[in-house]
Amino acid sequence: MNVAVIGAGASGLLAAYAAANNGNSVTVFEKNEKCGKKIYITGKGRCNLTHDCSPDEFLLNVVNNSKFLTSAIYAFSPEKTIKFFEVGGLKLKTERGARVFPVSDKASDVTKCLENYCRNVGVEFHFCEKVEKINVLNSTISGITTSKGSFSFDKVIVCTGGLSYPLTGSTGDGYVFAQDSGHKVIALKRGLCGLNMRGNFYKELQGLTLKNVNLSVISNGKIIREFFGEMLFTHFGISGPIVLSASSVINRLDINNLKLSLDLKPALSIDQLDKRLLRDFEVFKNKTIFNCLKELVPSKLISEILKRSEISQDKKVNSVTKQERTSLLTVIKNFEMFVTSLRGFEEAIITSGGVDVKEINPKTMESKLVKGLYFCGEVLDLDAFTGGFNLQIAFSTGYVAGKSIRNNL
């Protein structure tokens with residue numbers, strides 16, 4: 001079989017290797033000058049390439065269409081991915097939170113390993129060659145048209161990525177190919193990105209990082225998801241690991257009916273926190289409430305907490321009323337924030353939405369509408385939280401696509 005792979009990113013390189021390893025003749029078309037341009041910037045250049053967990057645990061971290069992904073994640077699990085790279089000569093390490101990185105901390109080493117795998121099985125690369133059209137005849141792939149001409153192919157695997165970080169070449173080409181071939185594309189949303197907030201409270205808090213806090217996403221008065229970990233305040237609102245994950249949950253919701261609730265002391269119940277406050281009040285009874293709270297929360301946050309509690313920061317601790325203390329407890333356990341919008345695609349780590357998976361065979365990634373056409377990775381309506389999950393989705397879907405193409409000619 002003659003197979004064309006469009007895109008030399010994470011899913012494209014795995015698809016190309018798996019297809020060529022099956023005895024097919026594989027050509028990768030990449031509009032950039034080299035492989036894996038987006039891989040180079042993942043994990044701040046270190047590349048968190050997977051998450052060391054079972055397939056079942058992995059699927060719990062998939063935000064959209066986890067059921068569709070089940071076959072692929074079992075076929076090429078995180079465990080198999082780790083083994084694949086280590087056999088390929090890439091030494092790996094597992095860090096806090098089961099996140100897997102190359103020992104070298106160089107994302108470029110991940111790309112080199114993948115490219116070496118491909119070249120060792122005879123994959124041919126065409127760089128700086130943009131695919132402009134996928135050619136279909138009688139609902140069957142006939143080939144592709146690129147910036148350099150038209151070519152016949154038996155199979156075409158689309159691995160063009162999403163819209164995130166367009167400077168890496170992710171400019172939505174795959175969605176056009178999908179629609180032109182009759183596929184439905186689910187509305188594209190920013191995923192894993194910072195959040196613009198209502199008001200201006202965050203400006204005074206800019207640069208403050210909070211650890212071990214709990215963020216609840218509340219829609220129409222109901223908690224729909226909670227995230228525990230680290231976040232930070234920025235010049236536009238909030239960001240950091242738990243905020244990025246929250247963004248992928250809220251990007252398909254009505255922001256007008258949405259509220260975020262931050263618990264600054266999740267390890268303490270209201271009663272435990274009240275007892276802690278009373279102890280501090282006793283120790284600092286002749287001090288101002290502002291100075292007393294320095295033992296409990298970051299100094300940078302105290303003014304905003306007191307403002308929301310309607311307590312003067314110059315007020316002496318021994319004159320704080322029970323009602324004021326109750327108000328203070330409420331704010332510390334329920335620091336409310338309202339989202340105005342998500343940050344743009346140029347800052348979003350991934351694209352949520354994409355080719356409707358109902359029209360794709362989950363065991364092969366082949367289109368149910370066009371014979372010989374496959375879609376893998378971020379171009380599909382598949383996305384997950386931070387921690388190496390999205391790259392693993394790319395690897396798994398790419399692998400099963402390539403593996404399913406057998407050389408029967």
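My aim in this report is to walk through the structure given alongside it, one point at a time. Since the model is a prediction, treat every value here as computed from it, not as a measurement. The residue numbering used here restarts from 1 in each chain and proceeds along that chain's sequence as written. Confidence filtering applies because this is a predicted model: local features only for residues at pLDDT of at least 70, side-chain atom pairs given and counted only at 80 or more, and all residues used for totals across whole chains, interfaces and linings. The basis for the side-chain values is all heavy atoms of the structure; hydrogens and waters are excluded.

1. Quick look at the sheet that holds strand S9 (residues 140–146)
Test applied: Any two strands with at least two DSSP bridges between them are considered paired. Strands are runs of DSSP state E lasting at least two residues, helices are runs of H or I lasting at least four, and both sets are numbered from the N terminus onward. The convention used is that axes are lines fitted to C-alpha atoms, helices contributing only their stretch in contact, and that angles between N-to-C directions extend from 0 to 180 degrees.
With antiparallel pairing, the three strands of this open sheet are ordered in space as S8-S9-S10. Each of the sheet's edge strands pairs with one partner strand only, and the pair in question is strand S8 (131–137) and strand S10 (149–152). Adjacent strand axes in the sheet meet at a mean angle of 25 degrees when their direction is disregarded.

2. Remarks on the sheet that holds strand S15 (residues 222–233)
The line we're drawing: In this analysis, two residues are considered to be in contact whenever any of their non-hydrogen atoms come within 4.5 Å of each other.
Across the sheet, which stays open at both edges, the seven strands sit in the order S18-S17-S14-S15-S16-S13-S19 with antiparallel pairing between neighbours. A single partner strand is all that each edge strand has here, and the edge strands are strand S18 (335–337) and strand S19 (339–342). Recorded for the sheet is a direction-independent mean angle of 40 degrees between the axes of neighbouring strands. Along the sheet, helix H8 (residues 241–250) makes contact with strand S13 (195–197), strand S14 (209–219), S15, strand S16 (237–239), strand S17 (258–263) and S19, crossing S15 at roughly 145 degrees.

3. Section: the pairing of strand S6 (residues 99–102)
As paired strands, strand S3 (residues 50–51) and S6 are joined by two bridges and run antiparallel to one another. Looking across to S6, one finds that histidine 51 is bridged to arginine 99. As defined by bridge partners, strand S5 (residues 92–95) adjoins S6 across four bridges and the pair is classed as antiparallel. Residue lysine 93 lies in a different strand from S6, and its bridge partner there is phenylalanine 101.

4. Structural notes on the packing of helix H1 (residues 10–21) against helix H5 (residues 107–120)
Our working definition: Every angle not falling under 35 degrees, over 145, or within 65 to 115 is termed oblique; those three ranges are roughly parallel, roughly antiparallel and roughly perpendicular. Each helix crossing is assigned a hand: it is left-handed if the near helix lies turned anticlockwise from the far helix by less than a right angle, otherwise right-handed if that turn is clockwise. Residue polarity is assigned by list, with Asp, Glu, Lys and Arg as charged and Ala, Val, Leu, Ile, Met, Phe, Trp, Tyr, Cys and Pro as nonpolar; anything else, Gly included, falls into the polar class.
At a minimum axis distance of 8 Å, the contact between H1 and H5 shows a crossing angle of 25 degrees. If you check the angle between H1 and H5, you find them roughly parallel. Here the hand of the crossing between H1 and H5 comes out left-handed. Across the interface between the two elements, Leu13, Leu14, Ala16 and Tyr17 of H1 pack against Leu114, Tyr117 and Cys118 of H5. Here the contact of H1 with H5 is built from residues that sort into seven nonpolar, no polar and no charged.

5. So, the nonpolar core
Quick reminder of the rule: Within this scheme, the nonpolar core is defined by two criteria: the residues are buried Ala, Val, Leu, Ile, Met, Phe, Trp, Tyr or Cys, and they are joined through side-chain atoms within 4.5 Å. The cut-offs for exposure are 20% and 50% of the maximum accessible area for each residue type, with area from a 1.4 Å probe on protein chains only; residues under the lower value are buried, those over the upper are exposed, and the others partly exposed.
Core analysis: the biggest nonpolar cluster contains 80 residues, and Leu49, Phe85, Val156, Ile157 and Leu380 have the highest contact counts within it. Here this core gets nine residues from one element, more than from any other, and that element is H1. Those residues in contact with leucine 49, other than ones at most four positions away along the chain, are Thr81, Phe85, Leu90, Leu92, Val100, Pro102, Val110, Gly388, Leu391, Gln392 and Phe395. Core analysis: the second largest hydrophobic core is formed by 51 residues, Leu205, Leu264, Leu273 and Val297 among them.

6. Brief notes about the environment of valine 158
Mapped onto the fold, valine 158 is located in strand S11 (residues 155–158). Taking the C-alpha atoms as reference, valine 158 lies 28 Å from arginine 99; in sequence the two are 59 residues apart. In this structure, valine 158 is in contact with Ile6, Ile134, Gly174, Phe177, Leu373, Tyr374, Phe375, Cys376 and Val379, ignoring residues within four places of it in sequence.

7. Topic: the environment of lysine 403
Note on placement: lysine 403 falls in helix H13 (residues 389–404). Once the C-alpha coordinates of lysine 403 and cysteine 376 are considered, the two residues, 27 residues apart in sequence, prove to be 12 Å apart. Dropping the residues within four chain positions of it, lysine 403 is found in contact with Ala18, Ala19 and Asn22.

8. Side note on helix H4 (residues 78–87)
In an α-helix there are 3.6 residues to a turn, and that puts residues three or four apart on one side. Just so we agree on the cut-off: Within this analysis, the arc is defined by the directions that extend from the helix axis to the C-beta atoms.
Within H4 the residues assigned to the buried category are Pro78, Thr81, Ile82, Phe84 and Phe85. For H4, the angular spread of buried residues about the axis comes to 160 degrees, placing them on one side. Seen from the buried face of H4, the exposed residues on the opposite side, beyond 90 degrees, are Glu79, Lys83 and Val87. At the exit of H4 stands glycine 89, carrying a positive phi of roughly 95 degrees.

9. Quick notes on the packing of aromatic side chains
The criterion, for reference: Think of it this way: a Phe, Tyr or Trp ring, Trp meaning its six-membered ring, pairs with another when their centres are within 6.5 Å, and the plane angle makes it stacked under 30 degrees, edge-to-face over 60, tilted otherwise. Charge-over-ring contacts are defined here by two conditions on Lys NZ or Arg CZ: a distance within 6 Å of the ring centre and an angle within 35 degrees of the ring normal.
For the structure on display, the rule yields 15 aromatic pairs. An angle of 90 degrees between the planes, with centres 5.9 Å apart, marks the rings of phenylalanine 29 and phenylalanine 153 as edge-to-face. Of this pair, phenylalanine 29 sits in strand S2 (residues 25–30) while phenylalanine 153 sits in the loop between S10 and S11, and the two are 124 residues apart along the sequence. Phenylalanine 153 gets classed as buried once you look at its relative accessible area, which sits at 10%. By the ring-pair criterion, three or more aromatic residues cluster together here, those being Tyr17, Phe76, Phe84, Phe85, Tyr117, Phe395 and Tyr399. Positioned above the aromatic ring of phenylalanine 101 is the side chain of arginine 46, whose terminal nitrogen or guanidinium carbon lies 3.9 Å from the ring centre.

10. Focus on the packing of H1 against H13
Direction vectors running N to C along H1 and H13 enclose 25 degrees, while the axes themselves pass 7 Å from each other. With respect to each other, H1 and H13 are oriented roughly parallel. Once H1 is placed against H13, the crossing between them reads as right-handed. Within the contact between the two elements, H1 uses Ala10, Ser11, Leu14, Ala15, Ala18 and Ala19 and H13 uses Leu391, Ala394, Phe395, Gly398, Tyr399, Gly402 and Lys403. When grouped by side-chain class, the residues that make up the contact of H1 with H13 number nine nonpolar, three polar and one charged.

11. Considering helix H12 (residues 322–333)
Worth spelling out the cut-off: One less than the residue count of a helix, multiplied by 1.5 Å, gives the span that helix is expected to have.
End to end, H12 covers 17 Å across 12 residues, agreeing with the expected 16 Å (1.5 Å per residue, within 8%). Every buried residue of H12 is accounted for by Glu324, Arg325, Leu328, Leu329, Val331, Ile332 and Lys333. The inward-facing, buried residues of H12 abut S17, helix H9 (270–283), helix H10 (289–292), helix H11 (299–309) and S18.

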